[in-house]
Amino acid sequence: GILDGEYANGKIATIKNIGKIGVEVKNTLFYKLNNAQVLNLSIDGFVQNIDKKNVTENAYITGLIGRTTKGTVINNVHINNAKITTKTTNNNSDTFYISGLVANAEGTTIENCSVSYINDGTANISDINGNKLSSATIGGLVGNAQETKILNCFARDIFVNIKIGTSNGIGGIVGRFTGEIIGC
C-alpha cells in the first residue's frame, strides 16, 4: 500500500507528539512493511520507551517502522525531536535493532529522509537502567540495512549510551549496512 502525506499545494502532513510507552519490543508505528511506500510525512515529537525484561525474540525499537522488505520505498519522511529509551534486558542471542526511522531494512530505498534527536544534554538512545544488551545494531536513521539504498538522508544530535555484549554495528546514519549510500 501507499501512505502519502502530501496534500493541497504540496504541503506535507505532520503528526505531532507521539509517545509510545510499553512493554512490547515491536512497539512501532508500523511494525512491518512489504513492498509499500511511505511518502511525504513529518513527525514532530516522538518518544519511544520500552520497558521489558528477558526479551526472547529480536526487538525492533524505532520511531516509525520496525521492518521493511524488498520493494519498500520511504521518501521525504522526517522525524524531529526523537528520543528512544529502554529498560530492557535479554539473556540470549537475539538482537536489538534500534534507530529513528527504520529498525531493520531489507531491499528498501530510503531517500530524502532525516531524523533529528532531542538535544537536551542527555542520551537520546539509551538504556535507563544501564543494563547490557546481549547484541544490538544501532543507527541514527536505520539500525540494520541489507541490500538497501540510502540517498540524500541525514541524522543529527545522536547521543547513544547503551552497554552491548556484541555490537553488530553502530553508526550515525546506519548501524550495519550492505547496499549503497549516496549524498548522506
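What to know about the nonpolar core
- Leu-101, Ile-110, Leu-141 and Val-142 are the most contacted members of the largest nonpolar core, which totals 37 residues.
- Dropping the residues within four chain positions of it, Val-142 is found in contact with Ser-99, Val-102, Ala-105, Ile-110, Ile-150, Ile-173, Val-174 and Gly-175.

With respect to the side chain of Thr-108
- Considering the arrangement of structural elements, one finds Thr-108 in the loop between strand E10 (102-106) and strand E11 (109-111).
- At a separation of 2.6 Å, a polar atom in the side chain of Thr-108 contacts the side chain of Thr-68.
- Side-chain polar atoms of Thr-108 contact the backbone oxygen of Glu-106, separated by 3.2 Å.
- Thr-108 has contacts with Thr-68, Thr-69, Thr-72, Ile-74, Glu-147, Thr-148 and Lys-149, leaving out every residue within four places of it along the chain.

Remarks on the confidence of the model for the protein chain
- Looking at the protein chain as a whole, its pLDDT mean stands at 82, while 77% of the residues score no less than 70.
- Of all secondary-structure elements in the protein chain, the lowest mean pLDDT belongs to strand E13 (residues 125-127), at 67, while E11 reaches the highest, 98.
- Predicted confidence is poor over residues 21-25, with pLDDT under 50, and the contacts of this stretch with residues over four places away or in other chains come to 17 contacts.

Brief notes about the environment of Leu-64
- Inspection of the secondary structure puts Leu-64 in the loop between strand E6 (59-62) and strand E7 (65-69).
- For Leu-64, a relative accessible area of 0% translates into the label buried.
- Between the C-alpha atom of Leu-64 and that of Ala-103, which follows or precedes it by 39 residues, the distance is 8.5 Å.

Some details on the environment of Gly-66
- Position of Gly-66 relative to the elements: it lies in strand E7.
- Sequence separation of Gly-66 and Leu-29 is 37 residues, and the distance between their C-alpha atoms is 8.0 Å.

Regarding unusual backbone geometry
- If you check the backbone angles, Asn-40 has positive phi at about 50° while not being a glycine.
- Turning to its location among the elements, Asn-40 is positioned in strand E5 (residues 37-50).
- Positive phi, normally seen in glycine, also occurs at Asn-81, with a value near 60°.
- Among the secondary structure elements, Asn-81 is positioned in strand E8 (residues 73-86).

What about the side chain of Thr-148?
- You can see Thr-148 is positioned in strand E15 (residues 142-151).
- Judged by its relative accessible area of 1%, Thr-148 is buried.
- Apart from the residues within four sequence positions on either side, Thr-148 is in contact with Ala-105, Glu-106, Gly-107, Thr-108, Ile-110, Phe-177, Thr-178, Gly-179 and Glu-180.

Side note on the state of the cysteines
- A complete count under the given rule lists 0 disulfides for this structure.
- This cysteine, Cys-184, is not joined by any disulfide, and Cys-153 carries the nearest cysteine sulfur, 4.9 Å off.

Examining the environment of Gly-63
- Of note, Gly-63 is situated in the loop between E6 and E7.
- The spatial distance from the C-alpha of Gly-63 to the C-alpha of Ser-99 is 6.9 Å, given a sequence separation of 36 residues.
- Ignoring sequence-local partners within four residues, the contact set of Gly-63 consists of Leu-29, Phe-46, Ile-79, Ile-84, Ser-99 and Gly-100.

Rules of the game
- Position numbers for residues start from 1 in each chain and track the written sequence from start to end.
- Given that this is a predicted model, residues contribute local features only at a pLDDT of at least 70 and side-chain atom pairs are listed and counted only at 80 or more, while totals for whole chains, interfaces and linings are drawn from all residues.
- Based on all heavy atoms of the structure, the side-chain values leave hydrogens and waters out of the count.
- We call a set of buried Ala, Val, Leu, Ile, Met, Phe, Trp, Tyr and Cys residues a nonpolar core when their side-chain atoms join them within 4.5 Å.
- Exposed residues in this analysis have more than 50% of their type's maximum accessible area, buried residues have under 20%, and partly exposed residues fall in between, with area computed by a 1.4 Å probe over protein chains only.
- It only takes one pair of heavy atoms within 4.5 Å for two residues to be counted as in contact.
- By definition, any uninterrupted DSSP run of H or I lasting at least four residues is a helix, any uninterrupted run of E lasting at least two residues is a strand, and each is numbered from the N terminus.
- Throughout this description, a polar contact denotes any pair of N or O atoms lying within 3.5 Å of each other; where both atoms belong to protein, one of them has to be capable of donating a hydrogen while the other can accept it, and for residues adjacent in sequence the pair is counted only when both atoms sit in side chains.
- Think of pLDDT as the predictor's per-residue confidence, scored from 0 to 100.
- By disulfide we mean two sulfur atoms from cysteines, separated by a distance within 2.5 Å.

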